[in-house]
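# Geometric and topological summary
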Amino acid sequence: MITGPARPLPLDTRKSANAQFRADVLRGLRAPAKRLPCKYFYDEAGSELFERITELDEYYLTRTELAIMERHGREMAGLLGRGCMLIEYGSGSSTKTRLLLGQARDIAAYVPVDLSGEHLYRAAQALAEEYPNIEVLPLCADFARRLALPGSRSRPARRVVYFPGSTIGNFTPGRAVRLLRLTAELCGPGGGLLLGAELQKDLAVLDAAYNDRQGVTAAFNRNILVRINRELGADFDVGQFAHRAFYNAAAGRIEMHLVSQRKQQVHVGDAEILFAAGESIRTEYSYKYTSSDLRDLALAAGFEMEKVWMDERKYFGVYYFRVVGGE
Ligand code: SAH
Ligand code: AVI
């Protein structure tokens, strides 16, 4: 059953989200090295483009994580324990979650959290129909901020956050620790964190995953400008910004940029932004953390690592952490 607000957000909430979007975009575009927060990739079109990315030959991440979940889902579900509230960060279409929900004996409530509202509510509705015994409580919110969890019918025995997809890699190490600290606070004593994250690997493999032949990643990258045009009344000539993605070995991350193909002026509402030819906007970092990096980040945030599952090539890891000091 679905008991969350499975309908568009109220007008005042949408207005304040739009004001926040505008403020974040202007702050990023006025910075000496232009940038945009990657969470704004995901409007309706962005979520669909991401789904297409997950099906690309070059984008092995989703397939690899799904295979780990298929193989070890039962053991993972066992760690959730009885009567748990499962909270998922960046749930998207909740595909991987099904491999947990299908194996878990008694989950009290499932709270998918995502900023892409329509996509979230559609996925939540489908899950509620597939798992009628689980209370599904979708929450359209930024998981990097303190979350106000919806009330559930039964009192959950514990809280576990599920954070798949390597979305943790879209946070710099400092921001990742901050996010995990909030998560430890949200889970409380006895709580857990099941985290899926990509590992370091061969440069050519990484490079291909973010420069696919069909250009879906390029369209996903440019969609942020399409969204800014539509929602903030901007006039980006989207075809004049080229997709660029490369591995920054010193920092251990993929960087995605949009590179201005000529000197140009862009208006965002009544604000004017100047671009030199070749100047870029950084749109995303995608860190490839080693398992010891993640152990250290999580420990700094109050989690201890209990278990890790990897695929044979060691492309991807799924980690289970417990809140330090919990039973
Ligand atoms: N978990 C899915 C989707 C990953 S794509 C998978 O593993 O395939 C990242 C998802 O996180 C998108 O659905 C996006 O809308 C959401 N997202 C990104 N940043 C977010 C944030 N700060 N708060 C809430 N959702 C966010
Ligand atoms: C959601 N996130 C982990 C993806 C990634 O690989 O960093 C987003 C993405 N960017 C380009 N392709 C996919």
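One structure accompanies this document, and this report is about it.

Conventions we followed
- Residues numbered from 1 in each chain as written.
- Chains lettered and ligands numbered in written order.
- Predicted model: local features only at pLDDT ≥ 70, side-chain atom pairs only at ≥ 80, totals over all residues.
- Heavy atoms only, no water.
- Helix = DSSP H or I, 4+ residues; strand = E, 2+ residues; numbered from the N terminus.
- Buried < 20%, exposed > 50% of the residue type's maximum accessible area, 1.4 Å probe, protein only.
- Polar contact = N/O pair within 3.5 Å; in protein donor to acceptor, adjacent residues only side chain to side chain.
- Contact = heavy atoms within 4.5 Å.
- Pairing = 2+ DSSP bridges.
- Core = buried A, V, L, I, M, F, W, Y, C linked by side-chain atoms within 4.5 Å.
- Disulfide = S-S within 2.5 Å.
- Near = heavy atom within 4 Å.
- Nonpolar A, V, L, I, M, F, W, Y, C, P; charged D, E, K, R; others polar.
- Phe/Tyr/Trp six-rings, centres within 6.5 Å; stacked < 30°, edge-to-face > 60°.
- Lys NZ or Arg CZ within 6 Å of the ring centre and 35° of its normal.
- Axes fitted to C-alpha atoms, helices over the stretch in contact; angles between N-to-C directions.
- Areas by Shrake-Rupley, 256 points an atom, 1.4 Å probe, with all protein chains shown as cover.

Mapped onto the elements of the fold, S166 is located in the loop between β4 (158-163) and α6 (173-187). Take S166: its relative accessible area is 4%, and that puts it in the buried class. Within polar-contact distance, the side chain of S166 engages the backbone nitrogen of E198 at 2.9 Å. Each residue touching S166, except ones within four places of it in the same chain, is listed here: L61, G196, A197, E198 and F316.

Attention now moves to the pairing of strand β10 (residues 280-287). Consecutive side chains of a regular strand alternate in pointing toward one face of the sheet and then the other. In terms of burial, β10 is largely enclosed, as 6 of its 8 residues are buried. As paired strands, strand β7 (residues 253-260) and β10 are joined by 7 bridges and run antiparallel to one another. Paired with L258 across the bridge in β10 is I281.

Further remarks concern the nonpolar core. In globular proteins that are soluble, nonpolar side chains generally tend to be buried together. Core analysis: the biggest nonpolar cluster contains 64 residues, and L29, L86, L225 and F236 have the highest contact counts within it. Ranked by the residues each element gives to this core, the list is headed by helix α3 (residues 60-80), at 7 residues. Among all residues touching F236, those that are not within four sequence positions of it are L29, L225, I228, N229, F241, V266, V268, F275 and I281. Within the second largest apolar cluster, 37 residues are counted, among which are L137, L139, A184 and L199.

This part takes up the state of the cysteines. Evaluated as defined, the whole model comprises 0 disulfides. Looking at C84, it has no disulfide partner, and the nearest cysteine sulfur is the one in C187, 9.4 Å off. For C84, a relative accessible area of 0% translates into the label buried. As a non-bridged cysteine, C140 has C38 as the owner of its nearest cysteine sulfur, 16 Å distant.

Before going further, it helps to examine the site of ligand 2. Close contacts around ligand 2 come from 14 residues, with Y59, N170, Y210, E284 and S286 the closest. Separating an oxygen atom of ligand 2 from a side-chain N or O atom of N170 is a distance of 2.9 Å. Every element with two or more residues in the shell around ligand 2 is listed here: α2 (44-54), α8 (216-232) and β10. Partitioned by chemical class, the residues of the shell around ligand 2 number 7 nonpolar, 6 polar and 1 charged.

Moving on, we come to the packing of aromatic side chains. Following the criterion strictly, the structure yields 20 aromatic pairs and no others. With a centroid separation of 6.3 Å and an interplanar angle of 50 degrees, the aromatic rings of F50 and F220 are classed as tilted. Placement of the pair is F50 in helix α2 and F220 in helix α8, with a sequence separation of 170 residues. A ring pair is formed by Y89 and F143, whose centres lie 5.0 Å apart and whose planes are at 5 degrees; its orientation type is stacked. Within this pair, whereas Y89 is found in strand β1 (residues 84-89), its partner F143 is found in the loop between β3 (135-136) and β4, the two being separated by 54 residues in sequence. Classification of Y89 by relative accessible area gives buried; the value is 2%. By relative accessible area, which is 11% here, F143 ends up buried. Its guanidinium or amino end placed over the ring of Y285, R253 lies 3.8 Å from that ring's centre, counting from NZ or CZ. Sitting over the ring of Y285, R282 keeps its end group 4.0 Å from the ring centre.

Backbone-to-backbone hydrogen bonds join strands into a sheet, with any given pair of strands oriented parallel or antiparallel. Taken together, the 7 strands give an open sheet; going across it, the order is β3-β2-β1-β4-β5-β12-β11, and neighbouring strands pair in mixed fashion. Unpaired on one side and paired on the other, β3 and β11 (303-310) mark the two borders of the sheet. Together, β1, β2 (107-113), β4, β5 (192-198), β11 and β12 (316-323) form the strand contacts of α3, whose direction differs from that of β12 by roughly 35 degrees. Helix-sheet contacts for helix α5 (residues 117-130) involve β2 and β3, and the interaxial angle to β2 is about 160 degrees.

So, about the site of ligand 1. What surrounds ligand 1 is a group of 16 residues, the closest being G90, K96, D114, D142 and F143. Between ligand 1 and the protein, one listed contact pairs a nitrogen atom with a backbone N or O atom of F143 at 3.0 Å. Protein burial of ligand 1: of its 570 Å² of free accessible surface, 93% is covered by the chains. When the residues that make up the shell around ligand 1 are grouped by side-chain class, the tally is 6 nonpolar, 6 polar and 4 charged.

Among all residues save glycine, negative phi is the norm, and among peptide bonds the norm is trans. Positive phi is not limited to glycine here, since S166 has a value of about 65 degrees. Here K314, not a glycine, exhibits a phi torsion of approximately 60 degrees, which is positive. One can find K314 in the loop between β11 and β12.

With respect to the helices and strands, the residue Y210 is situated in the loop between α7 (203-209) and α8. Distance in space between the C-alpha atoms of Y210 and E255 is 9.1 Å, their sequence separation being 45 residues. Residues in contact with Y210, not counting those within four places in the same chain, are Y59, L61, E198, T217, H243, A245, I254, M256, E284, S286 and K288. Within the local environment of Y210, its side chain forms a polar contact with the side chain of K288, the two groups lying 2.7 Å apart.

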